[in-house]
Amino acid sequence: MKKIVLFFALCFSSISSITAQEAFDKKLILKQMMLANDYFMQKWPDVGKTIVTNKERPSHIWTRGVYYEGLMALHEIFPKETYYDYAYSWAEFHKWGFNGGNTTRNADNYCAAQTYIDLYNLEPDSKKLKNTRANINMLLNTAQLDDWSWIDAIQMGMPVFAKMGVIEKDDRYFEKMYQMYMYSRNKHGDHGLFNPKDGLWWRDADFDPPYKEPNGQDCYWSRGNGWVIAALAKVLTIIPKNAPHREQYVNDLKAMAAALKPIQRADGFWNVSLHDPTNFGEKETSGTALFIYGMAYGVNSGILKKETYLPVIQKAWNAVTKESLHDNGFLGYLQSTGKEPKDGQPLSYDKIPDFEDYGLGCFLLAGSEVYKIK
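Residues take numbers from 1 onward in each chain, read along the sequence in its written order. pLDDT decides what is reported in this predicted model: residues at 70 or higher carry local features, side-chain atom pairs at 80 or more are listed and counted, and totals for whole chains, interfaces and linings draw on all residues regardless. In computing side-chain values, all of the structure's heavy atoms are included and hydrogens and water are not.

Colleague: Looking at this model, I keep getting lost on the packing of helix α2 (residues 26-43) against helix α14 (residues 357-370). Mind explaining?
Modeller: Packed helices, taken two at a time, are described by the angle their axes make and the gap between the axes. Two elements in contact, α2 and α14, have axes separated by 10 Å at closest approach and are oriented at 160°. One element, α2, and the other, α14, form an angle in the roughly antiparallel class. The interaxial crossing formed by α2 with α14 has left-handed handedness. Along its contact with α2, which presents Ile29, Gln32, Met33, Ala36, Asn37 and Phe40, the element α14 presents Asp357, Leu360, Phe363, Leu364, Gly367, Ser368 and Val370. Classifying every residue of the contact of α2 with α14 gives eight nonpolar, four polar and one charged. An axis is simply a line fitted to the C-alpha atoms; with a helix, the fit covers only the stretch in contact. Between two such axes, the angle follows the N-to-C directions and lies from 0 to 180 degrees. Labels follow the DSSP assignment, with helices taken as runs of H or I lasting at least four residues and strands as runs of E lasting at least two, numbered in each case from the N terminus. The scheme is simple: roughly parallel for angles under 35 degrees, roughly antiparallel for over 145, roughly perpendicular for 65 to 115, oblique for anything else. In a left-handed crossing the near helix is turned counterclockwise from the far helix by less than a right angle, and in a right-handed crossing that turn is clockwise. Only heavy atoms matter for contacts: two residues are in contact if any of them lie within 4.5 Å across the pair. Each residue receives one of three labels: charged for Asp, Glu, Lys and Arg, nonpolar for Ala, Val, Leu, Ile, Met, Phe, Trp, Tyr, Cys and Pro, and polar for the others, Gly being one of them.

Colleague: Got a minute to help me understand helix α6 (residues 113-122) in this structure?
Modeller: The periodicity of an α-helix, 3.6 residues per turn, causes residues three or four positions apart to be oriented the same way. Each residue is placed in one exposure class: buried if its accessible area under a 1.4 Å probe, protein chains only, is under 20% of its type's maximum, exposed if it is over 50%, and partly exposed if it falls in between. Counting buried positions along α6 yields eight of ten residues, so the element is predominantly enclosed. The set of residues buried in α6 consists of Ala113, Gln114, Thr115, Tyr116, Ile117, Asp118, Leu119 and Tyr120. In this fold, the buried residues of α6 make contact with α3 (62-77), α4 (81-93), α5 (107-110), α7 (130-140), α8 (152-168) and α10 (222-238).

Colleague: What is the right way to read the pattern of salt bridges from this model?
Modeller: A pairing counts as a salt bridge when a side-chain nitrogen of Lys or Arg comes within 4 Å of a carboxyl oxygen of Asp or Glu. This model, assessed by the stated rule, comprises 21 salt bridges. Close ionic contact of Arg203 with Asp204 constitutes a salt bridge, the shortest N to O distance being 2.8 Å. Judged by its relative accessible area of 13%, Arg203 falls in the buried class. Assessed through its relative accessible area of 7%, Asp204 is described here as buried. Across the salt bridge formed by Glu323 and Lys283, the nearest N and O atoms sit 2.4 Å from each other. Note that Glu323 is positioned in helix α13 (residues 306-324) and Lys283 in strand β6 (residues 283-284), a separation of 40 residues in sequence.

Colleague: Help me out: how do you make sense of the environment of Met34 in this one?
Modeller: Of note, Met34 is situated in helix α2. Residue classification places Met34 among the buried residues on the basis of a relative accessible area of 18%. C-alpha separation for the pair Met34 and Leu74, spaced 40 residues apart in sequence, amounts to 8.2 Å.

Colleague: Any chance you could explain the side chain of Thr285 here in plain terms?
Modeller: Its place among the elements puts Thr285 in helix α12 (residues 285-301). Apart from the residues within four sequence positions on either side, Thr285 is in contact with Phe269, Val320, Ser324, Gly332, Tyr333 and Leu334.

Colleague: Just checking my understanding: could you explain unusual backbone geometry for this structure?
Modeller: Note on backbone geometry: most residues besides glycine have negative phi, and most peptide bonds are trans. The linkage connecting Pro209 with the following residue, Pro210, adopts the cis geometry, with an omega of 20°. Inspection of the secondary structure puts Pro210 in the loop between β4 (200-201) and α10. Each neighbour pair has its own omega, and for Gln345 with Pro346 the value is -5°, a cis peptide bond. With respect to the element layout, Pro346 can be found in the loop between α13 and α14. One non-glycine residue with positive phi stands out, namely Trp96, at about 60°. When you line up the elements, Trp96 lands in the loop between α4 and α5. Positive phi values are uncommon outside glycine, yet His245 reaches one of about 75°. Structurally, His245 is set in the loop between α10 and α11 (246-260).

Colleague: Can you help me understand the nonpolar core in this one?
Modeller: General note: in soluble globular proteins, nonpolar side chains tend to be found buried as a group. Put simply, a nonpolar core is a bunch of buried Ala, Val, Leu, Ile, Met, Phe, Trp, Tyr and Cys residues held in one set by side-chain atoms that sit within 4.5 Å of each other. Ranked by internal contacts, the top residues of the largest apolar core, which has 124 residues, are Tyr110, Trp148, Tyr249, Ile313 and Phe363. The element that contributes the greatest number of residues to this core is α10, accounting for ten residues. In this view, Tyr110 contacts Phe98, Thr104, Arg105, Asn135, Ile136, Leu139, Trp148, Gly157, Val160, Phe161 and Met180; residues no more than four positions away in its chain are not counted.

Right, here's the structure in full:
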């Protein structure tokens, strides 16, 4: 009898192991990422071409900066020379600088530094970091902590400080990053933008209580929360294991993942309004992709339990690649720029958002981390 029980236990263990190993087809993931990226590169062959929507904007604004974050993540797992050249040409066109110059305090503007630093790390050259050093050192040496007053900024700015701390071997960058993060977390608005009770973030002070969604719940915007969990994951990939305050970021990522798991839609996506499916309740790609990225990093790093979160990640990745990704590489169900569920609505499979770049960046970040799952 014991032998039979042991036999079935071994079989079950083997089946579980195979399921985990075969949860993702790496060749297919890479093919899907390349398809989406090729679509964009072919549509935007000129890296310096301005972006024209309701007005004309330079091509190193945050939306494009997020795309290049994703491109560099793709390049890390598949170092194709054309990807490097595309990113390098973009940085060269903008002279490794920022929209708003070296005195900008707006994290959207210095988001581009994430890619500049990645390119520097591949081939160090002081010119690549001249503007980044000037801008981030200005932020480092001034007293303000309240720059990240909207949660999107956490992803735009926080990894830059983390990367600079590593390059300069200087904990002051880690400390400033922590202080700015915690100010957003605990002080912006009435009591900070993070709600520990729900494990989620209000987008900015306009959305903390008494603001409510139509169903009476708090407003937790999907992509905004996606930016935060992505920032936490990315920072944890950058900073040393013994970096100060690492435990804070680990705990916050775990809290967010735990809050997101039970509210995943049956189809694998997350709603634009995380606690109110009646308020523009369509599936949405960018927030979902960022949640995939954060959770996949959590599994890969051992922060999150694989047996708990692998099914969530798999369900979400399958949803995005089967229901959002077109045969030509276009991504559907992508909410346009904004700050709340109603912006850029309604969504659909074929609707082109006002900017296509940041959604692709989120998708590439997600794919690059899913690709690493063992």
